[in-house]
Amino acid sequence: MTSPALLITRDELLLDDLLRLAAAAGTTLDVAHDAAAALRSWGAASVVLVGADLAEAVASHRPARREHVHVVGPGPVRDGLFRSALAVGAADVVELPAADAWLVELLTDAADGVAHRARTVGVVGGSGGVGATTFACALALTAAAAEPAVLLDLDPLGPGVDRVVGLDAAPHPATGVRWDALVGSHGRLGSRSLRAALPVKDGLAVLTWAPGPPVALEAASVREVLSAARRGHDVVVVDLPRTVDDVSAEVVSRCDQVLLVAGTTVAGVASAGKVAAVLRGLAGDVGLVVRGAAASVPAEHVAGVLELPLVARVPTQRRLAEHVDLGLGPVHSRRSPLSRAARVALDVQRAGRWVA
Ligand SMILES: Nc1ncnc2c1ncn2[C@@H]1O[C@H](COP(=O)(O)OP(=O)(O)OP(=O)(O)O)[C@@H](O)[C@H]1O
Ligand SMILES: [Mg+2]
């Protein structure tokens with residue numbers, strides 16, 4: 001197995017400090033003692049830590065631009081180091097010991113990241129009120145029964161996925177962070193910190209909106225949240241809004257797969273066609289979930305009109321609203337239509353693509 005992080009230093013004290021932090025993160029470091037040796041592993045390492053002592057030497061080799069490069073040294077850092085940091089393409093200059101905890105988190109994520117990248121599924125409604133949020137919740141709760149999963153609510157005007165999964169049910173509404181606590185916080189978000197901060201229902205971590213007017217999401221914060229969510233879980237489900245703005249367009253493009261939930265009425269299929277056209281331009285792999293009463297238009301027909309692979313069909317589930325109001329969520333019985341449909345979609349999803 002390759003070491004996840006590369007450290008470039010000849011400073012014994014710095015090396016000791018970083019080996020200690022790596023041990024706390026449950027990982028090891030690849031150590032290079034000179035710039036020339038470092039460049040051999042430069043591109044392959046998940047994270048590169050350039051010791052302040054060798055920053056200038058590394059910069060003189062003009063290494064290729066890459067992400068996740070940090071210059072690390074004992075604080076306070078000297079003038080001139082920032083120039084070398086810029087020249088090596090570092091995101092920042094990190095001072096020890098002030099940044100110890102930050103570095104443990106970074107190294108933990110780097111180690112997780114080697115083996116870990118959650119499957120990310122976006123869910124979009126083809127028309128208003130068709131049941132997209134409900135299906136996203138069913139999918140996420142079903143996934144969470146088997147593996148670590150998180151549900152991200154990207155629809156500021158939706159009912160709030162916490163309500164649908166049963167997190168806000170009396171008498172103990174869940175505590176935990178919501179979008180308002182995460183937007184505007186710049187810098188790195190650790191996957192473990194994110195998971196620990198979010199409210200959890202039946203193993204499913206949930207990120208949704210605080211009551212009141214929704215905060216405006218910024219692309220940078222959402223990117224960081226999605227990235228931490230993917231490092232810290234096996235499955236990420238995103239409830240997407242139907243109108244795609246810049247932020248949600250970026251999220252769609254980062255999803256491995258997207259499911260469009262379409263109704264079976266003529267109007268429902270017509271608007272789903274428009275949403276499908278938008279999605280096709282953004283996402284590589286779009287699949288279809290057809291939601292409608294069993295006796296309505298056949299799901300295969302809807303799939304044919306929309307030219308999308310049919311992944312699952314969701315018949316009307318009796319007493320759904322009542323179960324949601326009681327905080328039982330949409331999949332409290334394994335035999336319910338939503339539970340079955342979610343299992344079918346997850347089985348197809350695990351196979352990699354909606355179509356073979
Ligand atoms: N399979 C189902 N059977 C019965 N009722 C359902 C089903 N799915 C959703 N509903 C009901 O339809 C209503 C709308 O559901 P939901 O909020 O999931 O739709 P949506 O597509 O996300 O809507 P929006 O356009 O607001 O995002 C809710 O009252 C929900 O309980
Ligand atoms: Mg919705």
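Computed from a predicted structure; not experimentally measured. Every residue gets a number counted from 1 within its own chain, in the order that chain's sequence is written. As a convention, the first chain written is A and the first ligand written is 1, with the rest following in written order. Note on the predicted model: pLDDT of at least 70 is required for a residue's local features to be given, and 80 or more for side-chain atom pairs to be given and counted; whole-chain, interface and lining totals, by contrast, use all residues. Excluding hydrogens and water, the side-chain values take into account all heavy atoms of the structure.

**Q** Quick question: what am I supposed to make of the overall build of the protein here?
**A** Counting from the N terminus, the helices are the DSSP runs of H or I reaching at least four residues and the strands are the DSSP runs of E reaching at least two. Within the protein, the secondary structure is distributed over 15 helices and 13 strands. Only protein chains enter the calculation, and the probe is 1.4 Å; a residue is then buried if its accessible area is under 20% of its type maximum, exposed if over 50%, and partly exposed in between. Looking at the 356 residues of the protein, the share that counts as buried comes to 51%. A contact between two residues is defined here by any heavy atoms of the two lying within 4.5 Å. Partitioning the contacts of the protein with sequence separation of at least 6, the portion at a separation of at least 24 is 72%. Using a 1.4 Å probe, the Shrake-Rupley method yields the accessible areas, and only the shown protein chains count as cover for residues. On the protein, roughly 16200 Å² of surface is accessible, and the fraction owed to carbon and sulfur atoms is 55%. On the protein, the mean spot of the 33 positive side-chain charges and the mean spot of the 37 negative ones are 8 Å from each other. The positive count covers Lys and Arg only, the negative count covers Asp and Glu only, and His and the chain ends enter neither. Lys charges are placed at NZ, Arg charges at CZ, Asp charges at CG and Glu charges at CD.

**Q** Can you help me understand helix H13 (residues 299-306) in this one?
**A** Spacing of three or four residues puts side chains on the same side of an α-helix, whose turn is 3.6 residues. Taken residue by residue, H13 has Ala299, Val302, Ala303 and Leu306 as its buried positions. Seen from one end, H13 has its buried residues packed into an arc of 100°, which puts them on one side. Residues of H13 that are buried sit in contact with strand S11 (257-262), helix H12 (266-282), strand S12 (286-291) and strand S13 (310-314). Think of it as the arc spanned by the lines of direction from the helix axis to the C-beta atoms.

**Q** What exactly am I supposed to notice about helix H4 (residues 81-88) here?
**A** Residues of H4 that are buried: Leu81, Ser84, Ala85 and Val88. Considered in projection along H4, the buried side chains sweep an arc of 105° and stay on one side of the axis. Residues Arg83 and Leu86 are exposed on H4 and point more than 90 degrees away from its buried face. Lining the buried residues of H4 we find helix H3 (55-60), strand S4 (69-74) and strand S5 (92-96). Just beyond H4, the residue with positive phi is Gly89, at close to 80°.

**Q** Honestly, the packing of aromatic side chains in this entry has me stumped. Any pointers?
**A** Aromatic ring pairs are defined here through the distance separating the ring centres and the angle between the ring planes. Aromatic pairs are defined between Phe, Tyr and Trp rings, using the six-membered ring for Trp, whenever the two ring centres lie within 6.5 Å; interplanar angles under 30 degrees are classed as stacked, those over 60 as edge-to-face, and all others as tilted. Tallied over the entire structure, the rule returns 1 aromatic pair. The interplanar angle of 45° and the centroid separation of 6.1 Å between the aromatic rings of Trp179 and Trp209 together place this pair among those described as tilted. Residue Trp179 is located in helix H8 (residues 179-182), and its partner Trp209 is located in the loop between strand S9 (204-207) and helix H10 (219-232); the two are separated by 30 residues in the primary sequence. Residues Trp179 and Trp209 agree in their burial class; the two are buried.

**Q** Is there a simple way to explain the domain arrangement of the protein in this structure?
**A** In many reports, interface size means the accessible area that the parts give up when they come together. In this entry, domain limits derive from an automatic or database-based domain assignment. Structurally, the protein comprises domain 1 (5-115) and domain 2 (119-350). Of note, the centres of domain 1 and domain 2, computed from C-alpha atoms alone, are 38 Å apart. Counting residues at the interface gives 6 residues for domain 1, matched by 7 residues for domain 2. What gets called buried area is simply the loss in accessible area from a 1.4 Å probe that two parts show on being joined, summed for both. When domain 1 packs against domain 2, close to 630 Å² is buried across both sides, 42% of that on carbon and sulfur atoms.

**Q** Could you clarify how one ought to interpret the site of ligand 1 in this entry?
**A** Only a single heavy atom is needed: when it lies within 4 Å of a molecule or strand, its residue is near that molecule or strand. Residues in contact with ligand 1 amount to 14 residues; listed here are only the nearest, Gly129, Ala132, Thr133, Thr134 and Gln317. Definition of a polar contact: a pair of N or O atoms within 3.5 Å, with one able to donate and the other able to accept a hydrogen when the atoms are protein atoms, and with sequence-neighbouring residues admitted only if both atoms are side-chain atoms. Taking Val130, its main chain carries an N or O atom lying 3.1 Å from an oxygen atom of ligand 1. At 2.4 Å from an oxygen atom of ligand 1 is found a side-chain nitrogen or oxygen belonging to Thr134. The protein chains hide 73% of the 630 Å² of surface that ligand 1 would expose on its own. Examining the composition of the shell around ligand 1, we find that 3 residues originate from one element, helix H6 (residues 132-144), more than from any other.

**Q** It is not clear to me how the sheet that holds S5 should be interpreted in this structure. Could you clarify?
**A** Strand pairing within a sheet occurs via backbone hydrogen bonds; the two strands may be parallel or antiparallel. Strand pairing follows a simple DSSP-based rule, namely that at least 2 bridges must link the two strands. Reading across the sheet, the 5 strands line up as S2-S1-S3-S4-S5 and stay open at both edges, with parallel pairing between neighbours. Strands with a single pairing partner mark the edges of an open sheet, and in this sheet they are strand S2 (29-32) and S5. Each neighbouring strand pair of the sheet contributes to a mean axis angle of 25°, computed without reference to strand direction. Axes, fitted as lines to C-alpha atoms, cover a helix only where it is in contact. Angles between the N-to-C directions of the axes lie from 0 to 180 degrees. The strands that H4 touches are S4 and S5; relative to S4, the one it contacts most, it runs at about 155°.

**Q** Hey, could you run me through the sheet that holds strand S7 (residues 149-153) in this one?
**A** Across the sheet, 8 strands lie side by side as S8-S9-S7-S10-S6-S11-S12-S13; this open sheet has mixed pairing. Each of the sheet's edge strands pairs with one partner strand only, and the pair in question is strand S8 (200-201) and S13. The strands touched by helix H15 (residues 337-350) within the sheet are strand S6 (119-125), S11 and S13, with S13 carrying the most contacts at an inclination of about 170°.

**Q** Got a minute to help me understand the packing of H10 against helix H11 (residues 246-254) in this structure?
**A** When two helices pack together, their arrangement is given by the angle between the helix axes and by the axis-to-axis distance. At a minimum axis separation of 10 Å, H10 and H11 run at an interaxial angle of 25°. Compared by their axis directions, H10 and H11 come out roughly parallel. The chirality of how H10 crosses H11 is right-handed. In this structure, H10 uses Ala219, Val222, Arg223, Leu226 and Arg230 to contact H11, whose residues at the interface are Val247, Glu250, Val251 and Arg254. Should an angle fall under 35 degrees it is taken as roughly parallel, and over 145 as roughly antiparallel, whereas 65 to 115 is taken as roughly perpendicular and any remaining angle as oblique. By the definition used in this description, the sense in which the near helix is turned from the far one sets the handedness, with an anticlockwise turn below a right angle giving left-handed and a clockwise turn giving right-handed.

**Q** Would you explain the pattern of salt bridges in this entry?
**A** Close approach of charged atoms allows side chains with opposite charge to pair. Salt-bridge detection follows one rule: a side-chain nitrogen of Lys or Arg within 4 Å of a carboxyl oxygen of Asp or Glu. Scanning the entire structure with this criterion turns up 14 salt bridges. The partner of Glu147 in a salt bridge is Arg350, with the nearest N and O atoms 3.5 Å apart. Linking Glu147 in the loop between H6 and S7 with Arg350 in helix H15, this pair joins segments that are 203 residues apart in sequence. Salt-bridge contacts for Arg163 lead to Asp325; the nearest nitrogen and oxygen are separated by 3.1 Å. With a gap of 162 residues between them, Arg163 in helix H7 (residues 161-165) and Asp325 in helix H14 (residues 320-325) connect regions that are remote in the sequence. Using a relative accessible area of 53% as the deciding quantity, one classes Asp325 as exposed. Among the ionic contacts, a cluster of salt bridges with common partners joins Arg119, Glu147, Asp347 and Arg350.

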